[in-house]
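Structural description and commentary
So you can see what is in the structure, the chains are spelled out below.
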2 protein chains.
Amino acid sequence: MKVGLISIGDELLIGQTINTNVTWIGEQLSLRGFQIDSALTIRDDASAIIEGLDTILDRTNFVIITGGLGPTKDDITKRVLSEYFKTELVLHQPTLDKVTAYFERSNRPMLQVNSDQALLPKNAEVLNNDLGTAPGMLFEKHGKWVFSLPGVPYEMKHIMETSVFALLEGKFKIKSSYYRTVMTQGIGESFLADRIQDIETELRNEGLELAYLPSPGYVRLRITGKNDEKGRARVLHYCDEISNRIPEYTFGMDGANLSKVVGELLMKKGEKLGCVESCTGGRIAAEIVGISGSSSYFNGGIVSYTNELKNSLVGVKKLTIETYGAVSEETVSEMALGGMKTLGVDHCIAVSGIAGPDGGTPEKPVGTVWIAIASNKGVYTNKFHFGDERLRTIERTTATALNLLRCRLSEINL
Amino acid sequence: MKVGLISIGDELLIGQTINTNVTWIGEQLSLRGFQIDSALTIRDDASAIIEGLDTILDRTNFVIITGGLGPTKDDITKRVLSEYFKTELVLHQPTLDKVTAYFERSNRPMLQVNSDQALLPKNAEVLNNDLGTAPGMLFEKHGKWVFSLPGVPYEMKHIMETSVFALLEGKFKIKSSYYRTVMTQGIGESFLADRIQDIETELRNEGLELAYLPSPGYVRLRITGKNDEKGRARVLHYCDEISNRIPEYTFGMDGANLSKVVGELLMKKGEKLGCVESCTGGRIAAEIVGISGSSSYFNGGIVSYTNELKNSLVGVKKLTIETYGAVSEETVSEMALGGMKTLGVDHCIAVSGIAGPDGGTPEKPVGTVWIAIASNKGVYTNKFHFGDERLRTIERTTATALNLLRCRLSEINL
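Note that the coordinates shown come from a computational prediction; the quantities given were computed from them, not determined experimentally. (Residues numbered from 1 in each chain as written. Chains lettered and ligands numbered in written order. Predicted model: local features only at pLDDT ≥ 70, side-chain atom pairs only at ≥ 80, totals over all residues. Heavy atoms only, no water.)

1. Points about the pairing of strand S1 (residues 2-8) of chain B
Residues and elements named next belong to chain B.
- Where burial is concerned, most of S1 is hidden: six out of the seven residues are buried.
- Relative to strand S2 (residues 35-42), S1 runs parallel, the two sharing seven bridges. Residue pairing in the sheet places lysine 2 in a bridge with glutamine 35 of S2.
- Here S1 runs beside strand S3 (residues 62-66); their pairing, made up of five bridges, is parallel. Bridged to serine 7 within S3 is threonine 66. (Buried < 20%, exposed > 50% of the residue type's maximum accessible area, 1.4 Å probe, protein only. Helix = DSSP H or I, 4+ residues; strand = E, 2+ residues; numbered from the N terminus. Pairing = 2+ DSSP bridges.)

See below:
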């Protein structure tokens, strides 16, 4: 079943806006078993829209158009599609009511261009948009479907999720897929593949699929199966198998946020967290505070960038730094233990490393990072090598420190 | 002069990779006076490539293809284009030498698929790629040009910058444009337009162009003129005019980084910086440490998320917090002054605010943020309202604090 995508909007072609709609729709429809044949991006121009639609519709079973449905003069998609499908614009009362209510709520005057958004092509099926003033539309030509959706990403996604997927599953009788994602941190793609090799073989033999989706510090594992009772159970079974095999790396499902996972564990225990950072310069604290509600478990942090502050604020002994260096197991342990006292917390993360580009030595090259996690059970420490890109090292150190804290909180052996 | 773009690669259609090549090429060619007619994304499939190229070439003066030039089996662009342009693959010795040297340097074995990258279409002009093993190619058909470039963004950009732009400027005799960008922080698009209204009118009357490019906390102002001696001088003249009109908001040119600008000012003065953060939770410190070399001017920071730490670490009086609250001019001043002492610095940023979603009151709604900048010249304080999105508030507070520090360091009146 072949799909064509058409994105309309000058802003996509002159470099003002990155086209993420194609990425999202492409992923969602691929997962449902459709093949994306092509994606065409064109200007807000009537003949470009008509020619583009002719070409793409010819090659595919249905087309999804996004963009050009706003209230301003350059948004011409609705008018052009009306002509293309030989119909006229008529007032759609439910849409007018909604647009009116929207402007009343936001206490702004409703202009003619806004109320005109309720004029919709007579022969189109109107697809409800709860998040904006331009509804989606479904047209039909020689049995082929053409969807027209707003270009604003969250409005487009909303209409896809509440209307389009169900309509497609009904019409094309596709066996819809079910997928879940296991989130991992701290293990590279090839090592991961090695650790779960037998599970992967087993799930593939059952007709399920496994995809590795890497990003800095993380690899997401997506398992896809049939969307029926048995299929969903098998997908979940293998998610569990993987999570149980490597609990030190798996921290949740489906876009789980490591900082939020850690926060929930701390809240459950009623315990407090702090951190003492050197090379990450506050990035770990910022990641923790990015979660709303973090004030209930996060006391604060110290960015002890200089050796003096490591001593004066968290009590790292001068002799320790002189003997072992600022980037050492001894220093990072004292930072974590000192941080527990200074910040008055039950758990303290400490990191010290060489983010680069300067400061590396043969024994401690750029990218060397020591991480410590202290609690009343003692200090865990480990050394890592995160490569020679400064910002990448900061990112990977942050993710790794949070995951190590998670393991300690969950009593997972490290 | 109409341009068509073709992006080849399954990964772009199944949601694995966001197509940023179209955004970059679109911006660059638009600035040079070309009109991007359309951008087609297709699968690694021979007939899709041929049909796509036929369609797009028909509508445009030249076509730029990206992707599908790698060494693996699914990279078929080169072979398909050879057939399309009725030519054969022949060994291109300079490319073979380069590929061989590349593998020797990185100490990896060179496979047949790698040396095959030196087989290039006989009638194509080879475009040098210094950053990878697949060179770009230029074909001609009925006087129309077709470029084929690697899909890896930095390799594509490199070939565009070192070969393609010059070839296009030669062939199409376009009057190439010259543009510079003034970076602003802390002023919204409409207020900005109001402040520079007369400058904008004047530059437009001279035939120059001005574009407002907003992102959270920032607006970039792009001024475009002719790329001749006079044109370049006029563009720079108006950049200066704008910078001089609103020095409290303009912090540099062409993608300047505010954190780096602040760092350079501190280095020049030989002075030290610290920061005491509440609602931003370490984000300001992280932004400063993101710049390499920051250890020469940044001592460290304190994330005093609780009232207790505001007292114990930076000496904010308990009575101050009880009387005025944690989010107040009085508290944030004491944080900044206390931070100077605790951190041993010449300048200290302090911020305290309500990032939300909880914690707002009628007098201090979510988004209220106090910022203080202390030095031996005293404390500057100001209150801001950054809206009700937690992460947006953290981002805008960070940018604003850095810009206020810049103004203090440059002795710009606030």
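2. What about the confidence of the model for chain A?
- Summary statistics for chain A give a mean pLDDT of 94 and a share of 100% for residues scoring 70 or more.
- In the predicted complex, the global pTM is 0.85; the interface-specific ipTM is 0.84. (pLDDT = per-residue confidence, 0-100.)

3. A look at the nonpolar core
- Core analysis: the largest hydrophobic core is formed by 46 residues, its most contacted members being Leu53(A) and Leu53(B).
- Beyond its immediate stretch of four places on either side in the chain, Leu53(B) contacts Ile6(B), Val63(B), Ile65(B), Leu81(B), Tyr84(B), Phe85(B) and Val146(B). (Core = buried A, V, L, I, M, F, W, Y, C linked by side-chain atoms within 4.5 Å. Contact = heavy atoms within 4.5 Å.)

4. A short note on the sheet that holds strand S9 (residues 177-185) of chain B
Residue and element names in this part refer to chain B.
- One open sheet holds the four strands; their spatial order is S10-S11-S9-S12, and the pairing between them is antiparallel. The sheet terminates laterally at strand S10 (209-215) and strand S12 (250-253), the two strands that pair on one side only. With direction set aside, neighbouring strand axes in the sheet form an average angle of 25°.
- Pairing between S10 and strand S11 (residues 218-226): seven bridges, direction antiparallel. What sits directly across from alanine 211, in S11, is arginine 222.
- Here helix H16 (residues 390-409) sits on the sheet and contacts S9, S11 and S12; the angle it forms with S9, its principal contact strand, is near 95°. (Axes fitted to C-alpha atoms, helices over the stretch in contact; angles between N-to-C directions.)

5. Topic: the relation of the copies chain B and chain A
- For the pair chain B and chain A, the relating rotation is 180°, the translation along its axis is 0.1 Å, and the fit reaches an RMSD of 0.2 Å. As the rotation angle and translation indicate, the two copies are arranged about a two-fold axis.
- Counting the interface residues of chain B, we find that 98% of their copies in chain A are interface residues as well, pointing to one common contact surface. (Least-squares fit on C-alpha atoms with pLDDT ≥ 70 in both.)

6. Regarding the pairing of S11(B)
All names here are of chain B.
- In this sheet, S11 lies alongside S9 in antiparallel orientation, the contact comprising nine bridges. The residue bridging tyrosine 178 from the neighbouring strand is glycine 225, located in S11.
- Hairpin connection from S10 to S11: two residues lie between these consecutive antiparallel strands, with glycine 217 at a positive phi of about 85°.

7. Details of the interface of chain B and chain A
- Every contact between the two is made by 59 residues of chain B and, on the other side, 59 residues of chain A.
- For chain B, the biggest contributors to the area lost against chain A are Leu13(B), Val289(B) and Tyr305(B); these three give 13% of the whole.
- Counting across the interface, chain B meets chain A through two salt bridges.
- The closest approach of N and O atoms between Arg59(B) and Glu51(A), which form a salt bridge, is 2.4 Å.
- Remark: the boundary between chain B and chain A carries 20 residue pairs in polar contact (both at pLDDT 80 or more).
- Take the side of chain B that touches chain A: its biggest share by element is eight residues, from S2(B).
- Taken together, the residues of the side of chain B that touches chain A break down into 27 nonpolar, 25 polar and seven charged.
- Alignment of strand S14 (residues 298-304) of chain A against strand S14 (residues 298-304) of chain B, held across five bridges, turns out to be antiparallel. For Gly301(A), the partnering residue across the bridge sits in S14(B) and is Val303(B). (Buried area = accessible area lost by both parts, 1.4 Å probe. Salt bridge = Lys/Arg side-chain N within 4 Å of Asp/Glu carboxyl O. Polar contact = N/O pair within 3.5 Å; in protein donor to acceptor, adjacent residues only side chain to side chain. Nonpolar A, V, L, I, M, F, W, Y, C, P; charged D, E, K, R; others polar.)

8. Observations regarding the sheet that holds S14(B)
- Strand order in the open sheet made by the ten strands is S17(A)-S16(A)-S15(A)-S13(A)-S14(A)-S14(B)-S13(B)-S15(B)-S16(B)-S17(B), with mixed pairing throughout. The open sheet has two free edges, formed respectively by strand S17 (378-385) of chain A together with strand S17 (378-385) of chain B, since each of these has just one partner strand. Pairs of neighbouring strands in the sheet enclose a mean axial angle of 10°, with direction left out of account.
- Here five bridges tie strand S13 (residues 273-277) of chain A to strand S15 (residues 347-353) of chain A, and the two strands are oriented parallel to one another. The residue of S15(A) that forms the bridge with Cys275(A) is Ile349(A).
- Strands S13, S14 and S15 of chain A together with S14 of chain B of the sheet are contacted by helix H13 (residues 307-314) of chain A, whose axis makes an angle of about 145° with S14(A).

9. Some words on the environment of Ile36(A)
- For Ile36(A), the position within the fold is in strand S2 (residues 35-42).
- Owing to a relative accessible area of 4%, Ile36(A) belongs among the buried residues under this scheme.
- Sequence spacing of Ile36(A) and Val22(A) is 14 residues, and the spatial spacing of their C-alpha atoms is 9.8 Å.
- With residues up to four places along the chain from it excluded, the contact list for Ile36(A) reads Val3(A), Leu5(A), Gly26(A), Leu29(A), Ser30(A), Leu13(B) and Arg43(B).

10. Some thoughts on helix H7 (residues 153-172) of chain A
Residues and elements named next belong to chain A.
- The end-to-end C-alpha distance of H7, which contains 20 residues, comes to just 25 Å, noticeably less than the 28 Å that a straight helix rising 1.5 Å per residue would cover.
- Taken as a whole, H7 carries its principal kink of about 50° at methionine 160.
- Residues Glu155, Met156, His158, Ile159, Met160, Ser163, Val164, Phe165, Leu168 and Phe172 constitute the buried set of H7.
- Close packing links the buried residues of H7 with helix H2 (21-31), strand S3 (62-66), strand S6 (125-127), strand S7 (136-141) and strand S8 (144-149).
- After H7 finishes, the residue lysine 173 shows a positive phi value of roughly 45°. (Expected span 1.5 Å × (residues − 1). Bend = angle between axes of the 7 residues up to and from the residue.)

11. What about the side chain of Glu334(B)?
- Mapped onto the elements of the fold, Glu334(B) is located in helix H15 (residues 329-343).
- The residues contacting Glu334(B), other than those within four sequence positions of it, are Val314(B), Gly315(B), Val316(B), Lys317(B), Thr320(B) and Gly339(B).

12. Structural notes on unusual backbone geometry
Residues and elements named next belong to chain A.
- Residue glycine 356 is joined to proline 357 through a cis peptide bond whose omega torsion reads 5°.
- Turning to its location among the elements, proline 357 is positioned in the loop between S15 and strand S16 (368-375).
- Residue lysine 86 is not a glycine yet carries a positive backbone phi of 50°.
- As for its placement among the helices and strands, lysine 86 is situated in the loop between helix H4 (77-84) and strand S4 (89-91).
- Since its relative accessible area comes to 75%, lysine 86 is described here as exposed.

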